[in-house]
Amino acid sequence: MTFEEKLKTQTDQITFSENFQCVTCKKMRQVLTQKEEHSMKKFNPVKLIVIAAVIAALALTAGAVSQFVIPHQLVEDMALELDSVKTVIDTGKADKDTVSTVQKSYSNGEYTVTFEAIANGSCLRKVFTENEKPIETKAEETYAIFTVKRNDGKQVLGFGQEEGLHLSDIGYIILVKGYAANPCIFADCYGIGEYEENNVLYVACNITDANLFADKELYIAFTNEMVINYDILRMDKNNEYHYVDGYDGIPALFDFDLDDSKADHEKAEQYKAEHSFMTYEEFEKALAEED
């Protein structure tokens, strides 16, 4: 059996957490109650113009960013207690509340994916002890948050024979620069939460294990394929990632940054030893070899 055939067999056997696709929701976040508007009758037209000018000036202040709000229902269904949400930006300089990426939206003509935020929080998860008895423990987790829209404005998710994406059509892969794209690497923390409202699909992708490599160059690919393997995404000899020629899915590929203080070099080395991290040369050599 060739390495290529082995890799395909391994990716076909990847199992995901029981509820990673089940987080679908029925309603949007509860809208915050707005304060009553003050009567404007006491203002004359000149004052109104001055106020409007001040508001416009503030809105155009350099670096001003509209913070992304994760739908309440998505967070609730994922049993996630949010600690922080950093909005992803592709213009201006990132600060403590934002994360920079070169390009935050990609489209294949039919769908558009936008990298909206990186969220940190804690949630209850079941783990199995040595005697196979499950216990609940609070785990710290990190998620990349995306929105997906159909370019014709219709509902994104289709069910049964309906047109649109299905839950099995959505996938992502975490990438550490210098190592070939391989869906097996971070399969242990793979998990997706989904929620659609007003024809916008919100997708939360678990990237918790990427924190071990927080001080490295990180990327995430998101497309309408559950398992993103080397038939879809490749790394060239310059360690640059790219979708293969002729791929007609959503070509979303983002760079992102995590808090460097979360990096753990010792655990990262152990993680690499236990998973299929391969350089370009190693990966290409393995593809060419046969047993």
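Coordinates for the structure precede this section.
The model shown is predicted, which means the values in this text are computed figures rather than measured ones.

What counts, and at which threshold
- Residues numbered from 1 in each chain as written.
- Predicted model: local features only at pLDDT ≥ 70, side-chain atom pairs only at ≥ 80, totals over all residues.
- Heavy atoms only, no water.
- Phe/Tyr/Trp six-rings, centres within 6.5 Å; stacked < 30°, edge-to-face > 60°.
- Helix = DSSP H or I, 4+ residues; strand = E, 2+ residues; numbered from the N terminus.
- Buried < 20%, exposed > 50% of the residue type's maximum accessible area, 1.4 Å probe, protein only.
- Pairing = 2+ DSSP bridges.
- 1 Å grid on protein atoms, 1.4 Å probe; cavity = no way out; pocket = protein on both sides within 12 Å on 5 of 7 lines; lining within 4 Å.
- Points joined across faces, edges and corners; volume = space filled by probe spheres on them.
- Nonpolar A, V, L, I, M, F, W, Y, C, P; charged D, E, K, R; others polar.
- Salt bridge = Lys/Arg side-chain N within 4 Å of Asp/Glu carboxyl O.

Some points on the packing of aromatic side chains
Part 1: Evaluation of the coordinates by the stated rule reveals 19 aromatic pairs.
Part 2: Aromatic pair Phe 115 and Phe 146: ring centres 4.8 Å apart, planes at 25°, arrangement stacked. In this pair, Phe 115 is assigned in strand β4 (residues 111–128) and Phe 146 in strand β5 (residues 134–150), connecting sequence segments 31 residues apart. With respect to burial, Phe 115 and Phe 146 carry one shared label: buried.
Part 3: Geometrically, the ring pair formed by Phe 186 and Phe 277 is edge-to-face, given 6.0 Å between the ring centres and 75° between the ring planes. Of this pair, Phe 186 sits in the loop between β6 (171–176) and β7 (192–197) while Phe 277 is found in the loop between α4 (265–274) and α5 (280–288), placing the two residues 91 residues apart along the sequence.
Part 4: Using a relative accessible area of 6% as the deciding quantity, one classes Phe 186 as buried.
Part 5: By relative accessible area, which is 10% here, Phe 277 ends up buried.
Part 6: These aromatic residues form a ring-pair network of at least three members: Tyr 106, Phe 115, Phe 146, Phe 222, Phe 254 and Phe 256.

A short note on the pairing of strand β9 (residues 218–223)
Part 1: Taken across its 6 residues, β9 has 6 buried, putting it largely inside the fold.
Part 2: Neither face of β9 is left uncovered, since the one carrying Leu 218, Ile 220 and Phe 222 and the one carrying Tyr 219, Ala 221 and Thr 223 both have all their residues buried.
Part 3: Pairing between β6 and β9: 6 bridges, direction antiparallel. Its bridge partner being in β9, Tyr 172 is matched across the sheet by Phe 222.
Part 4: Examined bridge by bridge, β9 and strand β12 (residues 252–256) share 5 bridges and lie antiparallel to one another. For Ile 220, the partnering residue across the bridge sits in β12 and is Phe 254.

Quick notes on empty space enclosed by the protein
Part 1: Applying the stated criterion to the full structure yields 2 cavities of 30 Å³ or more.
Part 2: By volume, the second largest cavity amounts to about 50 Å³.
Part 3: Around the second largest cavity sit Ala 180, Ala 181, Tyr 230, Leu 233, Arg 234, Met 235, Tyr 280, Phe 283 and Glu 284, which together line it.
Part 4: Its residues assigned to classes, the lining of the second largest cavity comprises 7 nonpolar, no polar and 2 charged.

Re the pattern of salt bridges
Part 1: According to the stated counting rule, one finds 9 salt bridges in the structure shown.
Part 2: Note that Asp 152 and Arg 150 form a salt bridge whose closest N and O atoms lie 2.9 Å from each other.
Part 3: With a relative accessible area of 45%, Asp 152 lands in the partly exposed category.
Part 4: Here the residues in one salt-bridge network are Arg 150, Asp 152, Lys 154 and Glu 163, joined through shared partners.

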